[in-house]
Structure formats: structure tokens, C-alpha cells
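# Coordinate analysis (summary)
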Amino acid sequence: MAKDSTKSMTEGKPFSLIMGFALPVFFGLLFQQFYSMVDTMIVGKFLGEDALGAVGATGSLNFLIIGFCTGVCNGFAIPVAHQFGAKKDSNLRRVVANSVWLCLIFAAVMTVITVIFCRNILTFMNTPADLIDDSYKYIVIIFAGIPAVYLYNMVAGIIRSLGDSRTPVYFLALASIINIVLDVVFICLVHTGVEGAAFATVISQAISGIACVLYMKKKFPILKISKEEWKFDSHWAKTLCSMGIPMGLQYSITAIGSVILQTAVNSLGSQAVAAVTAAGRISGFSCCPFDALGSTMATYAGQNVGAGKLDRVGKGLKSASFIGGIYAIIAFFVLSLFGRQIALLFVSADEIAILDHVKQFLVFNTAFYIPLCLVNTVRFCIQGMGYSRLAILAGVCEMVGRIIASLVLVPLIGFVGICLASPIAWIMADLFLVPAYCHTINRMKKILAS
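Residues numbered from 1 in each chain as written. Predicted model: local features only at pLDDT ≥ 70, side-chain atom pairs only at ≥ 80, totals over all residues. Heavy atoms only, no water.

### Digging into the overall build of the chain
In terms of helices and strands, the chain carries 16 helices and 0 strands. Its C-alpha atoms give the chain a radius of gyration of 21 Å, near enough to 22 Å, the size a compact globule of 450 residues would have. The proportion of buried residues among the 450 residues of the chain is 59%. For the chain, the distance from the average position of its 32 positive side-chain charges to the average position of its 22 negative side-chain charges is 15 Å. (Helix = DSSP H or I, 4+ residues; strand = E, 2+ residues; numbered from the N terminus. Rg over C-alpha atoms; globule rule 2.2 N^0.38 Å. Buried < 20%, exposed > 50% of the residue type's maximum accessible area, 1.4 Å probe, protein only. Lys, Arg positive; Asp, Glu negative; His and termini not counted. Charge placed at Lys NZ, Arg CZ, Asp CG, Glu CD.)

Right under this line is the structure:
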């Protein structure tokens, strides 16, 4: 029999478990950001500023759609963690089987809709006329690859829910290497333009997803699903949708604010678009620890709620927030001092105005990384406990913050308003999330006590 690769997070010291689980997730996110950065570097250096701006102009739209896919898959993983923590193996397999059916449906519907309406959305967002053609070439290929997004995120989410955070990292590393090689082949050798970067992303993610499926079939005997367990079950489908759709909507609602903000950025011209693109790549890289802690708390809270150990949930949240807070302080000093130099990876040294904007953006954002840390740890903890609908309200708070910056601050103070948008969004989300966590944990205690 194959060795079982599952791992329980319901026993042992929370700090050690969270660090042990989060580090592989962190490295996986680094790989993911790394090949996103390579995309940007190759596009910026070999195709020029306009191509860089074209890819950047799709960033918020990309987040809106792909973020929904990722959120849905993360939500589907929560019932898996609950059933695993409760040691209900048959229910676990039924949840996994119904996750597959739902992901097939979601992927098919979303791919068709986004590909058809892609250009209309770019036009609605006031994408600059000199960028829109390349923006369309890039993002329509990304949307055509939505099934690959669902494949990887669904399988990786299941594997992480069973306590294995390392394996998805290995396959992401493989995907990163493939992505970089394909970037060079498509853009530098075949001269495909920005669409080459999109093809590289989709192909590499599909390979990563397939590799995860093959590994999961071999290494997780607990997931040997019978013919009976493969049947579509309306009860489990409803349970999965009650977790997955709110998490997907949370990502998308947050992204709506980003889309509106991107529209404001577009109104400031192609230099502002290029600066936000470069700064966004650097920020994405620097925010990986917070994302890793969030993913960790979803699995940690999910397993411990399934096992009925609520006292461990609070201890885990404190440990994760402490780790994130220490990193936030370090990140502020590093990016404040060296942000301009890092930006040279994406922008030529003679683009003085763009480099100044990049540094300004990074200083404003990193100064508020502690509120960002709380957004991730508290929100994903709540979601792991099974209250995904509250994530929608947190997303609404972030959306409102970015809309305020877009419609009020940008017209008044220009690019500084862009820099303040995310910090405002994070603070507004925290003002909701912290009381929501206290309410949720008290409610769970009463449920378990009764």
C-alpha cells in the first residue's frame, strides 16, 4: 500500500505547526510570483514599456476572474479539512468527488463567458487605446486557460487540507521552470509578443495541475474513491458551494475595487500604468508570507474545528499574526531602502518618473503591512471555521476603500491616491474582521457546548 502523506494539525504546538506548514506554502507562492516577475521582466525588457503597460492594464481584471476561481477552490478545500479533522473518511471522499464535478461545471461556464466578453470589459475599463490590443491578446489567452487554473487550485487545495503543504510547492517549482523556458522561447525566439507570456503561464499551470493529480492518486490511499462515492450528491454540492462561492465572491468583490482603481490608474496615462505594474509585481512578491499564513490558517482552523478543538484555533491565530507582524516590519525597511533598485528589474534606468512612482507606491504600501497581515490571518481563520459568507463582507470593505481612493483621492492628489488605496482597504477590512472573529469563535463555542 502507498504511504499515506496526510498530516493532522490537531495535535502539537500551534506555532511549530503553523511555521512548518506555512514555509512550504510560502516557497510555493514565491515560485508563483517568481515566474510572474519573469513574465514582467521579459515583457518589459524585450517588448518595451507599452507591452509592459498592456499586461499591467489587465492585472485587476485578471485578479477579478482568476481570483474567483482560486477562491472557489480554496472554499471547496474547507469541508475537506473538516471531514479529515473529524476522521470521517467516506464523507471526505464524497466531498472530494463533488468538488471535481463542481469545478468542471464552473470552469466550462466561466471560460465561455470571459472569452466572449473580454474585449468589451477592457473597453469599459478605459484601457488606453495604445495598449488595448496587446491587453486583449494577453488576457483572452489567460481566460481560455481557466480550466488549468481550476485543475491546479482544486487539487492543491485538497492536498493542503490533508496536511501536506510541500507537494504543491514541488510542482509549482517545476511549473516555474517550464514557464520561464517557454517565456524565452515564445517571446525571444518565436517573437509572439505578449501572447507568448500568456501561453507560457497557461501551459505551465496545466502541467503543474496534472502532476498534482498523478501524485495525489499515488500517495493518498484515503482518497481511493468508490463508484458509489463518485455520484453527484446535492447535499455535499450545496455544502461545497456554501463555502466556495462566498470565498470566490470575496476575491471578486475585492477585485471589483481593484478594477475601479485600475480604471483610475489608466486615466493617469501609460507611465502610471507601467509604474503600478512594476510596483504590483514587487508587492506581490513581498506579500507572499501573508498569503502563506492565510492559507495555513484556513487548513489549521478547518482541521481543529472538525476535531472540536476551538482553543487551538485562537492560539494558532496569535502565532500566525505574530509571525506576520515581525515580517511586516522587516519588509517595510527593506523595500523603503531598496525598492527603487529592485524596480530596475522591470524598468530601464532612464525611466526616472516611473522609478520614482514605484518607490512611492512601495513606501506607502509597506508602511501598512501589519493591517494586511491581519486581513489574511483573521479572514482565512474565519473561513476555515466554516463562515465563508463573512469573507464577502470583508471583501466589500476592501472594495469600498479602493473605490473611495479611486473616485475621491485620485482626482484630488493624483498618484498618491493610488498609493493610499490598498492601505485604506486593509484598514477598513480589519475594522470588520476583528469583531467578526470574536463573534464567530464565541458562536462556535456555544454550538460545541450544546
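### Section: the environment of Ala 237
Relative to the elements of secondary structure, Ala 237 occurs in helix 9 (residues 234-267). The buried category is assigned to Ala 237, whose relative accessible area is 6%. What Ala 237 contacts, discounting residues up to four positions off in sequence, is Asn 98, Leu 102 and Phe 232. (Contact = heavy atoms within 4.5 Å.)

### Structural notes on the nonpolar core
Core analysis: the biggest nonpolar cluster contains 80 residues, and Val 313, Val 358, Tyr 369, Met 385, Ile 418 and Tyr 437 have the highest contact counts within it. The element best represented in this core is helix 16 (residues 415-449), accounting for 11 residues. Not counting the four nearest positions on each side in its chain, Val 313 is found in contact with Met 297, Tyr 300, Ala 301, Asn 304, Val 305, Cys 381, Met 385, Tyr 437 and Ile 441. Listed in part, the 64 residues of the second largest apolar core include Ile 66, Cys 69, Leu 122 and Met 154. (Core = buried A, V, L, I, M, F, W, Y, C linked by side-chain atoms within 4.5 Å.)

### Here's the deal with helix 15 (residues 389-413)
Because an α-helix completes one turn every 3.6 residues, residues spaced three or four positions apart along the sequence face the same direction. Taking 1.5 Å of rise per residue, 25 residues should cover 36 Å, and helix 15 covers 35 Å from first to last C-alpha, within 8% of that figure. Residue Ser 406 marks the point of greatest curvature in helix 15, where the axis turns by about 35 degrees. Directly after helix 15, the chain includes Gly 414, whose backbone phi takes a positive value near 65 degrees. (Expected span 1.5 Å × (residues − 1). Bend = angle between axes of the 7 residues up to and from the residue.)

### Looking at the side chain of Asn 74
Positionally, Asn 74 belongs in helix 3 (residues 59-85). A relative accessible area of 16% means that Asn 74 is categorised as buried.

### Side note on the state of the cysteines
On inspection of all chains with the given rule, the structure shows 0 disulfides. A disulfide-free cysteine, Cys 212 has its sulfur positioned 12 Å from the sulfur of Cys 73, the nearest such atom. Left without a disulfide partner, Cys 373 is nearest to the cysteine sulfur of Cys 287, which lies 11 Å away. (Disulfide = S-S within 2.5 Å.)

### Some thoughts on the pattern of salt bridges
Evaluated as defined, the whole model comprises 8 salt bridges. Note that Arg 93 is salt-bridged to Glu 229, the shortest N-O span being 3.0 Å. Of this pair, Arg 93 sits in helix 4 (residues 89-124) while Glu 229 sits in the loop between helix 8 (194-219) and helix 9, and the two are 136 residues apart along the sequence. When sorted by exposure, Arg 93 lands in the same class as Glu 229, which is buried. The residue Asp 134 makes a salt bridge to Lys 137 at a minimum N-O spacing of 4.0 Å. (Salt bridge = Lys/Arg side-chain N within 4 Å of Asp/Glu carboxyl O.)

### A look at the packing of helix 4 against helix 6 (residues 146-161)
To describe two helices that pack against each other, one gives the angle between their axes and the distance between the axes. Contact geometry of helix 4 with helix 6 gives a least axis separation of 9 Å together with a crossing angle of 155 degrees. Accordingly, the angle class assigned to the pair helix 4 and helix 6 is roughly antiparallel. The two elements helix 4 and helix 6 cross, and the hand of that crossing is right-handed. Residues Val 96, Ser 99, Val 100, Cys 103, Phe 106, Ala 107, Met 110, Thr 111 and Thr 114 of helix 4 form the contact with helix 6, whose participating residues are Ile 146, Pro 147, Tyr 150, Met 154 and Ile 158. Along the lines of polarity and charge, the residues of the contact of helix 4 with helix 6 split into 11 nonpolar, 3 polar and no charged. (Axes fitted to C-alpha atoms, helices over the stretch in contact; angles between N-to-C directions. Parallel < 35°, antiparallel > 145°, perpendicular 65-115°, else oblique. Left-handed = near helix turned anticlockwise from the far one by under 90°. Nonpolar A, V, L, I, M, F, W, Y, C, P; charged D, E, K, R; others polar.)

### With respect to the packing of helix 14 (residues 369-384) against helix 15
With their axes 9 Å apart at the nearest point, helix 14 and helix 15 run at an angle of 155 degrees to one another. Taken together, the axes of helix 14 and helix 15 are roughly antiparallel relative to one another. For the pair formed by helix 14 and helix 15, the contact residues are Val 375, Arg 379, Ile 382 and Gln 383 on the first element and Leu 390, Ala 391, Ala 394 and Glu 398 on the second. Along the lines of polarity and charge, the residues of the contact of helix 14 with helix 15 split into 5 nonpolar, 1 polar and 2 charged.

From the geometry alone we can't say anything about function, so treat these as descriptive.
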